[in-house]
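# Remarks on the overall topology
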Amino acid sequence: MNVGAAVRRVRAYGGQFLLLAVLTLVVTLLISGVPRLVNRLAEQGLRAQLNSEPAARRDLSYTTSLASATARRTAMGDAVERFDALAAQMPPQVRSAVTERWYSVETAPARVVGPDLAARNLLVNLGLRAMPDVQGASTLVEGAWPSETYVPDRPIEVALDVDVARKLNLRAGSQLRIGNTDDKGRLLDGAPLVVAGLFRPVDRANGIWDGLPQLLRIIEPQGDGEPFVMVGVVAQSALNKRAVAGWPIQSNWRYRLGVDRIDARELDQLIDGLQVMQRNQPTGLTLTQGVDVPLRAFAAQIDAVRTLLAVIAAGVLATLAGLIVLAASLATRRRRSEFALLRARGGGATAGARRSLAESVLVVPVAAALGWWLGTLFPGAPDPTTPYVIAVTVLVTLALPLATLAVRAGGAARRDLIRVRPSARRLTVEISLLLLAGLAAVLLRRRGLTLGEVDPLLVSVPVLLAVAAAVLALRAYPWPLLLVSRLAARTRGSVAFLGTARAGRAAVAAPLVVVVLAIGTAAFCAVVAAGVDASRERAAAQIVPADAVIRGERFAPDTIDELGRLPGVRAVTRVLYEDDERLASDEVGTDAFIEQTDVLLVDGSGLDTVARESQVDLPVPAALRTARPGPGPLPAIVSPAVAADLAKAGLDDSAFISVQGQRYEFRVAGTQDGFPLLAANASRFVILPWQALPTRTTIPVPTSLLIAGDSLDAEALRVAGDQGQARYQRNGTITGRERPLGVTVDTRADVRRDLGEGGANGVLAFGFVAGAVGGTVLGLLAIAFTVLAGARARGQVLSRLRTLGLSRRQWRGLLLVELTPLVAVSVLTGALVGALLPLLLNPVLGLSAFTSGVPVRVAFEPSLVAAVLALGAIALGFAVAVEALNNRRLRLGEVLRLGEES
């Protein structure tokens, strides 16, 4: 084949080959570049999620139990020996992620006494800890570091954090004694101890200080008569001496995983490695780690979003493949006379295909290589996409010669008619396609999708269903137009009749399929995105069914009134939650032998008021809202699992449950799968109406408070909650006078924001935006192909009609009437497919990972109708503009030349 001649033909048909090259470039760019972007966004999301957690959450901590070390060589020597050994035993994927590590040996806190402590009547326990590198991570403020030189009868030297020491009235040189105490708290066998020096950490965020109990913080007394607890640093030789003397010691080895060392693409391997470590703990050691919790949550999101992206990518790539086929077919049809002449001059049956192949080889591989190279410039770690790029390059290169063979085989038959009775071949293909789409849909619902993996058949279900819908639309398309055409024939004027008649005979099979694919992909993304957003709203209302919630241990009853006086607060209601309560069959507490159940007390009317004031859609069951004090059991809303157990035990009319030490009788008044303030996966719960509880000496105390209001000050709510807990403590109602933990304040707005940010939400948003925008743009491009496919035929008709007196205004009307059905049926079919696909795919996509476990519901969106109408108008205007530009380029007066192809 003459290369020079091929180059001249490429130049002669530059527009057609440029279109093919651009489509090839876009395909290879997407294949090579999008995975990099996804990996980049996933990496950023993982880092943001891990950085939002306390750094100590990434620690893998091995600890021994408190025991005597007299049989060991030395306490510190054993710790050093096992330090590297434990790291070497880690699975490779875990070991490679470790960036920092520390070890320490410490004694149990023992009573310490001395004049400086007695001056303030302080009761203190002190733990001794030996740890290397502490001097490099801190600055000596006063005194000296404990000496490593062993001197008989020298007091134990200890270094303390300067803030800790000053809070306990200690200084460098303070003389103390440390040892065990008797039952009355008196020191029995105290050893002399001296505060050798005070230090201040260079960086309090340094992981070396995260060991528990912490060196930089005093543990406050847990109740009256309980001591303060602190930890001091001693020399390794001093710790060894205490261990040899029989003091119980504990060793700790901590390994911190670095955020930058964790690859989002290998989370499953890392999680598996952590599971292996958990199962194969060395004898005598306890492994403590919590990093697998955020890693599993992020992995669930990534698996779900990768599956969703595979579905979206299938639609986009199928649309691009259809556009490439349309471009090749359109280019070949324009050159049909050239190939016919080549055949008439003695060329073989494949001569035209060989010529097209030579031209395609000059254009497609170059465009594919350029697209692949541009894709490599995208940020992010690469995926092994080179084989796919090569396969796409080969297929696109063959598209033009195959289209040439198809045109040659098709002969010169008319292409402007759709026969009412299709050929047996076409009917067989269409029925087979419909059956394949139905079978794939059934397999999808039965097998589901393995999240994070790509099953080519099942991921292609949306494509198959879109094509099947397009086939059905093509079958139904001519009939209403035929009816409209007959009605138009009875009216005056020729525009409506000619327009509907030509629209009914238009050959739009392939372009219509591509438009449906593109618009269906865009609509699918829009509908699923709206469903996820609405489900996040429901999840936020599930967690905080008000404007804010204060969670604590127990609040004084007057806390509600105190909160009601805060600025912006409109309503407050009380809630009590206790988990793992036992059900009883009678008032004396006979066990009903039913699994433990969570119990929730709510003031039905108060909850309804707060939800209404907060504009939360929370239908409070009538059994809870209208219940009033009276004889008989309380009406209760229970979960289906609890209801089934009670019915099986014959207790659905009367059962008892304990709430804060008080037993209440209840009956099943209704069942619900879930309820606000409970976990989304809670399957066993009993909800009682607070306002209907019988009057008793001991009344329940709220553990949470729901607030409705405007511009709520979270800090003011936190202070009021802490004060409410403190008042409850001062009343002497807390057993043992234990100090309650500080309250937590969550607002619904903050919860909603957290659900939509962080984690893999960046990848999810990218998928929705890319799918919606890409589908819309490609749909408009496919509509342009639809217009161009019949442009020459319309040009001939227009030229003839213009010679018969058709005005320019009538021509515009004729064009609008002809194109409107084409655009409408394609856009509406695609929108319908996109709206129905989520109903099929939503249960298997696992998108509840983005909604705190709340199932994603996909429902009809009124805004979708407006979007479809707007898109249809834009598409119609675009189609008319393309037709007008094409007619100007063709110069309609020249299309009536003898032999002009349609």
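Residues numbered from 1 in each chain as written. Predicted model: local features only at pLDDT ≥ 70, side-chain atom pairs only at ≥ 80, totals over all residues. Heavy atoms only, no water.

Below, the discussion takes up the overall build of the protein chain. Across its full length, the protein chain holds 28 helices and 21 strands. Its C-alpha radius of gyration of 38 Å places the protein chain more than 25% over the 29 Å reference for a compact globule of 902 residues. Across its three principal axes, the protein chain shows a C-alpha extent of roughly 120 × 75 × 50 Å. Taking all 902 residues of the protein chain together, 49% fall into the buried category. Taking the contacts inside the protein chain whose residues are at least 6 apart along the sequence as the reference set, 82% of them involve residues at least 24 apart. For the protein chain, the exposed area adds up to about 42700 Å²; of that, 57% sits on carbon and sulfur atoms. A gap of 17 Å separates the mean positions of the 95 positive and 78 negative side-chain charges of the protein chain. (Helix = DSSP H or I, 4+ residues; strand = E, 2+ residues; numbered from the N terminus. Rg over C-alpha atoms; globule rule 2.2 N^0.38 Å. Buried < 20%, exposed > 50% of the residue type's maximum accessible area, 1.4 Å probe, protein only. Contact = heavy atoms within 4.5 Å. Areas by Shrake-Rupley, 256 points an atom, 1.4 Å probe, with all protein chains shown as cover. Lys, Arg positive; Asp, Glu negative; His and termini not counted. Charge placed at Lys NZ, Arg CZ, Asp CG, Glu CD.)

The subject of this paragraph is the environment of Ala318. Within the secondary structure, Ala318 sits in helix H9 (residues 292-334). Between the C-alpha atoms of Ala318 and Gly77, which are 241 residues apart in sequence, the distance is 65 Å. If we skip the residues at most four places from it in the chain, Ala318 touches Ala313, Val463 and Leu517.

Counting across every chain of the model gives four aromatic pairs. Here the aromatic rings of Phe83 and Tyr103 are separated by 4.8 Å at their centres, their planes lie at 50°, and the arrangement is tilted. Highlighted residues: Phe83 in helix H3 (residues 75-88) and Tyr103 in strand E2 (residues 98-107), separated in sequence by 20 residues. For the pair shown, Phe83 and Tyr103 are each scored as buried. A centroid spacing of 5.8 Å and a plane angle of 15° characterise the contact between Phe199 and Trp209, whose relative ring orientation is stacked. One end of the pair, Phe199, is in strand E8 (residues 191-201); the other, Trp209, is in the loop between E8 and strand E9 (228-233), and ten residues separate them in sequence. Residue class for Phe199 comes out buried when judged on its relative accessible area of 0%. Each residue in the set Phe83, Tyr103 and Tyr255 is aromatic and connected to the rest through ring pairs, giving one cluster. Note that Arg335 overlies the ring of Tyr13, its terminal NZ or CZ placed 4.5 Å from the centroid. (Phe/Tyr/Trp six-rings, centres within 6.5 Å; stacked < 30°, edge-to-face > 60°. Lys NZ or Arg CZ within 6 Å of the ring centre and 35° of its normal.)

On to the nonpolar core, then. Within the largest apolar cluster, 169 residues are counted, with the highest numbers of intra-cluster contacts made by Leu60, Tyr255, Leu295 and Phe524. Sorting elements by how many residues they give to this core places H9 first, with 22 residues. Residues within four places of Leu60 in sequence aside, it is in contact with Met90, Val94, Trp253, Arg254, Tyr255, Leu257, Leu274, Met277, Leu287, Thr288, Gln289 and Val291. Formed by 30 residues, the second largest nonpolar core is a distinct cluster that contains Val602, Phe675, Phe685 and Ile687. (Core = buried A, V, L, I, M, F, W, Y, C linked by side-chain atoms within 4.5 Å.)

Below, the discussion takes up helix H1 (residues 3-12). For an α-helix, 3.6 residues make a turn, and residues three or four places apart therefore share a direction. Considered for burial, the residues of H1 that qualify are Ala5, Ala6, Arg9 and Val10. The buried residues of H1 occupy an angular sector of 140° when the element is viewed end-on, so they sit on one face. Seen from the buried face of H1, the exposed residues on the opposite side, beyond 90 degrees, are Arg8 and Arg11. Packing partners of the buried residues in H1 comprise helix H2 (14-52), helix H10 (336-344) and helix H11 (351-376). (Arc of directions from axis to C-beta.)

Overall, the coordinates contain 32 salt bridges when judged by the stated rule. With a closest N to O distance of 2.4 Å, Glu359 and Arg9 form a salt bridge. On the criterion of sequence distance, the pair formed by Glu359 in helix H11 and Arg9 in helix H1 is long-range, its members being 350 residues apart. Taken individually, Glu359 and Arg9 each receive the classification buried, so the pair is uniform in this respect. (Salt bridge = Lys/Arg side-chain N within 4 Å of Asp/Glu carboxyl O.)

Where nonpolar side chains cluster on the molecular surface, the patch consists of Leu357, Val361, Ile390, Val394, Leu398, Leu402 and Leu405 and spans about 570 Å² of accessible area. If you list the elements that add at least two residues to the nonpolar patch, you get H11 and helix H12 (386-410). Within the secondary structure, Leu405 sits in helix H12. Residue Leu405 is classed as partly exposed on the basis of its relative accessible area, which comes to 35%. (Patch = residues over 30% accessible without salt bridge, like charges linked within 9 Å, V, L, I, M, F, W, Y side chains within 5 Å.)

Closest axis-to-axis distance for the H1/H11 pair is 9 Å, and the angle between their directions is 75°. Between H1 and H11, the crossing angle belongs to the class labelled roughly perpendicular. Packed against H1, whose contacting residues are Val3, Ala6, Val7, Arg9 and Val10, the element H11 presents Arg355, Ala358, Glu359, Leu362 and Val363 at the interface. Tallied by class, the residues present in the contact of H1 with H11 amount to seven nonpolar, no polar and three charged. (Axes fitted to C-alpha atoms, helices over the stretch in contact; angles between N-to-C directions. Parallel < 35°, antiparallel > 145°, perpendicular 65-115°, else oblique. Nonpolar A, V, L, I, M, F, W, Y, C, P; charged D, E, K, R; others polar.)

This next bit is on the pairing of strand E11 (residues 285-288). Of the two faces of E11, only the one carrying Leu285 and Leu287 is buried; Thr286 and Thr288 on the other face are not. Note that strand E1 (residues 59-64) and E11 share four bridges and pair antiparallel. Its bridge partner being in E11, Tyr62 is matched across the sheet by Leu287. (Pairing = 2+ DSSP bridges.)

Here the protein chain shows a mean pLDDT of 86. Residues at 70 or above account for 91%. Ignoring residues within four places in sequence, the model shows residues 733-737, a span with pLDDT below 50, making twelve contacts including any to other chains. (pLDDT = per-residue confidence, 0-100.)

With that settled, consider the sheet that holds strand E20 (residues 704-709). In spatial order, the strands read E14-E17-E18-E16-E19-E15-E13-E20-E12-E21; together these ten strands make up an open sheet with mixed pairing. Edge positions in the sheet fall to strand E14 (583-584) and strand E21 (744-747), since each has one partner strand and no second. Pairing of strand E15 (residues 597-602) with strand E19 (residues 685-689) involves five bridges; the strand directions are parallel. Within E19, the position partnered with Val602 by the bridge is Pro689.

This next bit is on unusual backbone geometry. Cis geometry is found at the peptide bond from Leu212 to Pro213, where omega equals -10°. Note on placement: Pro213 falls in the loop between E8 and E9. The backbone of Asn169 shows a phi angle near 65°, a positive value even though the residue is not glycine. Relative to the assigned elements, Asn169 resides in the loop between helix H6 (162-167) and strand E7 (175-179). A positive phi is found at Ser852, a non-glycine position, where the angle reads about 55°. Within the secondary structure layout, Ser852 lies in the loop between helix H27 (808-845) and helix H28 (862-890). Looking at Ser852, the relative accessible area reads 38%, which means it is partly exposed.

Within the fold, Gln662 resides in strand E18 (residues 662-671). Within the structure, Gln662 has its side chain in polar contact with the side chain of Arg696 (distance 3.4 Å). Once residues lying within four places of it in the same chain are set aside, the contact partners of Gln662 are Ile657, Arg696 and Thr698. (Polar contact = N/O pair within 3.5 Å; in protein donor to acceptor, adjacent residues only side chain to side chain.)

Relative orientation of the contacting elements H2 and H9 amounts to 175°, with a least axis distance of 10 Å. The pairing of H2 with H9 is recorded here as roughly antiparallel in orientation. Residues belonging to the contact of H2 with H9 are distributed by class as follows: 22 nonpolar, five polar and two charged.

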